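Architecture and fold: a report
Given next are the chains, with one letter for each unit.
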Amino acid sequence: MDGGVSYQRFPRVKIREMKDDYLKFELRDTDASIANALRRVMIAEVPTIAIDLVEIEVNSSVLNDEFIAHRLGLIPLTSDRAMSMRFSRDCDACDGDGQCEFCSVEFHLRAKCHSDQTLDVTSKDLYSSDHSAVPVDFSDLAGYESSEQRGIIIVKLRRGQELRLRAIARKGIGKDHAKWSPAATVTFMYEPEIHINEEMMQTLTLEEKVALVESSPTKVLGMDSNQQVVVVDPEAYTYDDEVLKKAESMGKPGLIEINAREDSFIFTVESTGAIKASQLLLNAIEILKQKLDAVRLSEDTVEADDQFGELGAHMRGG
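What you see is a predicted model, and the numbers here were worked out from it, not measured in a lab.

1. With respect to the overall build of the protein chain
- Helix and strand content of the protein chain: eight helices and twelve strands.
- A separation threshold of at least 6 residues defines the contact pool for the protein chain, and within that pool the share at least 24 residues apart is 73%.
- Per element, the accessible surface of the protein chain, about 18,600 Å² overall, is 49% carbon and sulfur.

2. Comments concerning a nonpolar patch on the surface
- Taken together, the side chains of V13, I15 and M18 define a hydrophobic patch exposed on the protein surface, amounting to about 270 Å² of accessible area.
- You can call I15 partly exposed: its relative accessible area is 41%.

3. Notes on the pattern of salt bridges
- Under the counting rule described, the total for this entry stands at 21 salt bridges.
- Across the salt bridge formed by D130 and R81, the nearest N and O atoms sit 2.8 Å from each other. Of this pair, D130 sits in the loop between β6 (127–128) and α3 (139–142) while R81 sits in the loop between α2 (65–73) and β4 (104–112); the two residues are 49 residues apart in sequence, bridging distant segments of the chain.
- Taking the relative accessible area as the measure of exposure, D130 reaches 18% and is therefore buried.
- For the salt bridge of D116 with R159, the shortest nitrogen-to-oxygen distance reads 2.8 Å. Here D116, found in the loop between β4 and β5 (119–122), pairs with R159, found in the loop between β7 (153–157) and β8 (162–172); they are 43 residues apart in sequence, far enough to count as distant.
- Three or more residues are tied together by salt bridges with common partners; here these are R16, E26, R28, E191 and E235.

4. Some words on the environment of R12
- Summarising the element assignment, R12 is placed in strand β1 (residues 12–18).
- The sequence separation of R12 and R28 amounts to 16 residues, and the corresponding C-alpha distance is 5.2 Å.
- When neighbours within four sequence positions are excluded, R12 is seen to be in contact with E26, L27, R28 and D29.

5. What about the pairing of β1?
- Two strands pair when backbone bridges link them, and β1 and strand β2 (residues 22–28) are joined in this way by six bridges, in the antiparallel orientation. Bridging from a neighbouring strand, E17 pairs with K24 of β2.
- Linkage of β1 to β2, two consecutive antiparallel strands, is achieved through a turn of three residues.

6. Focus on the sheet that holds β1
- Read across the open sheet, the four strands follow the order β1-β2-β12-β9; overall the sheet is antiparallel. For this open sheet the edge positions go to β1 and β9 (183–196), each flanked by a neighbour on one side alone. Going from strand to strand, the sheet's axes swing by 30 degrees on average, the running direction of each strand aside.
- With seven bridges joining them, β2 and strand β12 (residues 256–271) adopt antiparallel strand pairing. Pairing of E26 across the sheet is with I266, part of β12.
- Sheet strands in contact with helix α1 (residues 32–44) are β2, β9 and β12, and its direction is about 155 degrees off that of β9.

7. Quick look at the sheet that holds strand β3 (residues 48–59)
- As summarised here, the arrangement of the four strands in space is β3-β8-β4-β6, forming an open sheet in which the pairing is antiparallel. Only two strands of the sheet have a single neighbouring strand rather than two, namely β3 and β6.
- Examined bridge by bridge, β4 and β6 share two bridges and lie antiparallel to one another. Note that in β6 the partner of F107 across the bridge is S128.

8. What to know about the confidence of the model for the protein chain
- Overall, the prediction assigns the protein chain a mean pLDDT of 88, with 89% of residues at 70 or greater.
- The least confident element of the protein chain, judged by mean pLDDT, is helix α8 (residues 310–315) at 53; the most confident is α2 at 97.

9. Considering the nonpolar core
- Formed by 23 residues in total, the largest nonpolar core has its most connected members in I51, L72, F107 and L109.
- Elements represented by at least two residues in this core include exactly β3, α2, β4, β7 and β8.
- For F107, the residues in contact, after removing those within four places along its chain, are I51, L77, L126, Y127, S128, A133, V134, P135, L165, R166, A167 and A169.
- Listed in part, the 21 residues of the second largest apolar core include L23, F25, I275 and I287.

10. Concerning the packing of aromatic side chains
- All chains considered together, the criterion is met by five aromatic pairs.
- Plain terms: the ring middles of Y190 and F265 are 5.3 Å apart, the flat faces sit at 50 degrees to each other, and that makes the pair tilted. A residue pair is termed long-range when its members are at least 10 positions apart, and Y190 in strand β9 and F265 in strand β12 qualify at 75 residues.
- Owing to a relative accessible area of 0%, F265 belongs among the buried residues under this scheme.

11. Section: the environment of R40
- By the secondary structure assignment, R40 is in helix α1.
- In this structure R40 comes out as exposed when scored by relative accessible area, which is 55%.
- Separated by 135 residues in sequence, R40 and K175 place their C-alpha atoms 9.7 Å apart.

12. Some words on unusual backbone geometry
- With a phi close to 60 degrees, Q227 is a non-glycine residue in the positive phi region.
- Counting through the fold element by element, Q227 comes out in the loop between β10 (221–223) and β11 (229–231).
- Look at Q227 and you get partly exposed, because its relative accessible area is 44%.
- The residue Y239 is not glycine, and still its phi comes out positive at about 55 degrees.
- By the element assignment, Y239 lies in the loop between β11 and α6 (242–249).

Definitions and limits used
Residues numbered from 1 in each chain as written. Predicted model: local features only at pLDDT ≥ 70, side-chain atom pairs only at ≥ 80, totals over all residues. Heavy atoms only, no water. Helix = DSSP H or I, 4+ residues; strand = E, 2+ residues; numbered from the N terminus. Contact = heavy atoms within 4.5 Å. Areas by Shrake-Rupley, 256 points an atom, 1.4 Å probe, with all protein chains shown as cover. Patch = residues over 30% accessible without salt bridge, like charges linked within 9 Å, V, L, I, M, F, W, Y side chains within 5 Å. Salt bridge = Lys/Arg side-chain N within 4 Å of Asp/Glu carboxyl O. Buried < 20%, exposed > 50% of the residue type's maximum accessible area, 1.4 Å probe, protein only. Pairing = 2+ DSSP bridges. Axes fitted to C-alpha atoms, helices over the stretch in contact; angles between N-to-C directions. pLDDT = per-residue confidence, 0-100. Core = buried A, V, L, I, M, F, W, Y, C linked by side-chain atoms within 4.5 Å. Phe/Tyr/Trp six-rings, centres within 6.5 Å; stacked < 30°, edge-to-face > 60°.

Structural data, given as structure tokens:
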């Protein structure tokens, strides 16, 4: 670095709202590249557990085997231990077979309809070999009556129809298949700074002020008790420029100035339920750190090659 100038920054995270499946937080004092990296890691690189192999013994339902296997894969499974589990391809306990306790979880499903009433086969019928990886129970979140705690429907059976299968769930990431993504949605927006030119605002009539306030599709501006236009909620602004266009149409350009703060972001995270939203953020930060460490390591080896040339590469087996 030239002249000992440090470009290091210390990002801050402030939690605004937190539930098991929802998180809203501020990320400050950092760059858009870090915000985007965090978002993409949350969606595609935080590992979860999902059904990856299905062996069907009996299937006389109206859905074919592949369709049922696909539906099983998309059922979110509680994945709190996914970070510490092994990828089946790296597992030395089962030689990459992907069917041992260190890298997989086994499920069984047996259902047969014996009545004229249609039988719903749901995620609650999936029995796991490991209590830490079970189908996510959404009935707790939705607050249904106890009679309605049904789980996610896999298939419906009529009288005489039967489904028997064994399934293996493995660790994976969203980059390989969306069934392994722990995030339903992750979005971030730049925090807006809204400035009102008070002198110019005084020249407006009451009707014009009301029209200006109502021009925004979201409630960004409002009127106070003195009939002055004030900023009610800057974060409700969706960068639609409607207020700016209205000010221009009144012949008052510069009446309102809106700038995006380039170092402040507001994140909204919705989890599928596989991992709590708060844990998803922590896991994403951990993975981002690992990736940066890997980059730093590769830079060190490049420097070593510059110093030692072919000898350095030979020592690494290159």
